[in-house]
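One-letter residues, chain by chain:
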Amino acid sequence: MSDLAIGIVGVGRMGTYHLETWEHIEGAQVVGVAEPNEALACERIGRRPIAHFAHYQDLVKRRDVDAICITAPSQFHANIALDAIAAGKHVLVEKPIATTLEDGLRIAAAARSAGVKLMVGHVERFNPAVGKLAELIADGRIGKVFRVHATRVGPMPLRIQDAGVAIDLATHDLDIMQFVLGRDISRVYAEGAQCSHPTQEDMITCLLRFGDDGPFGLLDVNWLTPEKRREISVIGEGGMLTASYLTQDVWFTESTTSHSGWDELARIRGDAEGAALRFALRRVEPLKAELEAFAACVRDDTPEPTTAYDGCRALIAALAVRDSAANSRPVTLLDMPSPALAVAA
């Protein structure tokens, strides 16, 4: 079978990561990129035998292109995805799937009707620490879950002008929290501020609820912290699980009131805190794992690892967080079997 021919729309920072990572994916090859900035495109392409197109429509019309990676700014995702799907191309669209729920659902419906793959690039799904965290929770290692707390903070990226932290940052953790808990977010209350960014909110703190009687959640995202931090912790009746997205480590700290029976605990419990265990995981490059998964689902005609449903579910939560922060009010999310809605509580 010939290599999967890939086209990339947008070669900014994320598009460049895609371009460089596809070079290490067996059975796939980037054949063209679409980028209106010709100088930038030529710099990114270098000496690679890759065609450049100023307009993405010319790239998606090429018959020798099997799949399109959309790494353009979020506001253009919907139009590019719909045109690529109409041309019969499989699509990997970076998160968020779109900037409005209506557009996200239109993209999903178009892909389903055309019979093409539509995968949403929630790259943290492919972080081994996230997979281990989900496995331990599903296995009941901490029993009933009480609370999940996610932190995603760091310096402001100058490249992002079309979205604030609700869409650009929070989308990651809103997806991961629902994924590892296996429960949908039912209610959010957020406070936010625009401190340094010229047009968008750059700090949000949010309280979440999962289901009618499920765990609570805390979410802290900003572009103001001078060092990058990417962590998630889950507290349950048996202890606490903590994962670092950056180091790909997972720790278990045993509850002092509920002995877990884990014989492999690394430290003897003290008087004030529980014994702790660090899981040694094989490190992987999450983007490479994501692109390999996309190529495999196209080649083998298997379900997408992260679906349009996953993308829309994360998007509606992010939009609810943004609305709550902007209006200082709680927002309730309705169940989302297909279309999803959010209403002010």
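What you see is a predicted model; the values in this text were computed from it and never measured.

## Some thoughts on the packing of aromatic side chains
Working step 1: What the rule picks out here adds up to 0 aromatic pairs.
Working step 2: Note that Arg 152 overlies the ring of Tyr 245, its terminal NZ or CZ placed 4.8 Å from the centroid.

## Brief notes about the sheet that holds strand S3 (residues 51–53)
Working step 1: Pairing in this open sheet of 6 strands is parallel, and the strands run S3-S2-S1-S4-S5-S6 from one edge to the other. Each end of this open sheet is capped by a strand with a single partner; those strands are S3 and strand S6 (118–121). Neighbouring strand axes in the sheet, compared pairwise and without regard to direction, differ in orientation by 25 degrees on average.
Working step 2: In terms of strand pairing, strand S1 (residues 4–9) meets strand S2 (residues 28–34) through 6 bridges, oriented parallel. Considered in S2, the bridge of Ile 8 is made with Val 33.
Working step 3: Against the sheet, helix H4 (residues 77–86) engages S1, strand S4 (67–70) and strand S5 (90–94), with an angle of about 170 degrees to S5.

## What to know about helix H10 (residues 308–327)
Working step 1: Its 20 residues give H10 an end-to-end C-alpha distance of 28 Å, which sits within 8% of 28 Å, the value for a rise of 1.5 Å per residue.
Working step 2: H10 sits mainly inside the fold: 15 of its 20 residues count as buried.
Working step 3: One or two residues past the end of H10 sits Ser 328, with phi positive at roughly 50 degrees.

## Structural notes on the side chain of Glu 35
Working step 1: Checked against the element boundaries, Glu 35 lands in the loop between S2 and helix H2 (38–45).
Working step 2: Here Glu 35 is buried and forms no salt bridge, its nearest opposite-charge partner Arg 44 lying at an N-O distance of 7.6 Å.
Working step 3: Only 3.0 Å separates the side chain of Glu 35 from the backbone nitrogen of Asn 37, close enough to count as a polar contact.

## Some words on the confidence of the model for the chain
Working step 1: Considering every residue of the chain, the mean pLDDT works out to 91; 90% of them sit at 70 or more.
Working step 2: pLDDT under 50 marks residues 266–272. Its contacts with residues more than four places away, or in other chains, come to 13 contacts.
Working step 3: When the criterion is pLDDT under 50, residues 336–345 qualifies, and its contacts beyond four places in sequence or with other chains add up to 25 contacts.

## Some thoughts on the pattern of salt bridges
Working step 1: All told, the structure shown has 18 salt bridges when counted by the stated rule.
Working step 2: Between Lys 132 and Glu 135 there is a salt bridge whose closest N-O contact spans 3.3 Å. Of this pair, Lys 132 and Glu 135 are both found in helix H6 (residues 128–138), 3 residues apart, which corresponds to roughly one turn of the helix.
Working step 3: With relative accessibility at 18%, the residue Lys 132 sits in the buried group.
Working step 4: With a relative accessible area of 39%, Glu 135 lands in the partly exposed category.
Working step 5: Sharing partners across several salt bridges, the network here consists of Glu 124, Arg 152 and Asp 173.

The rules behind these values
Residues numbered from 1 in each chain as written. Predicted model: local features only at pLDDT ≥ 70, side-chain atom pairs only at ≥ 80, totals over all residues. Heavy atoms only, no water. Phe/Tyr/Trp six-rings, centres within 6.5 Å; stacked < 30°, edge-to-face > 60°. Lys NZ or Arg CZ within 6 Å of the ring centre and 35° of its normal. Pairing = 2+ DSSP bridges. Helix = DSSP H or I, 4+ residues; strand = E, 2+ residues; numbered from the N terminus. Axes fitted to C-alpha atoms, helices over the stretch in contact; angles between N-to-C directions. Contact = heavy atoms within 4.5 Å. Expected span 1.5 Å × (residues − 1). Buried < 20%, exposed > 50% of the residue type's maximum accessible area, 1.4 Å probe, protein only. Lys, Arg positive; Asp, Glu negative; His and termini not counted. Salt bridge = Lys/Arg side-chain N within 4 Å of Asp/Glu carboxyl O. Polar contact = N/O pair within 3.5 Å; in protein donor to acceptor, adjacent residues only side chain to side chain. pLDDT = per-residue confidence, 0-100.

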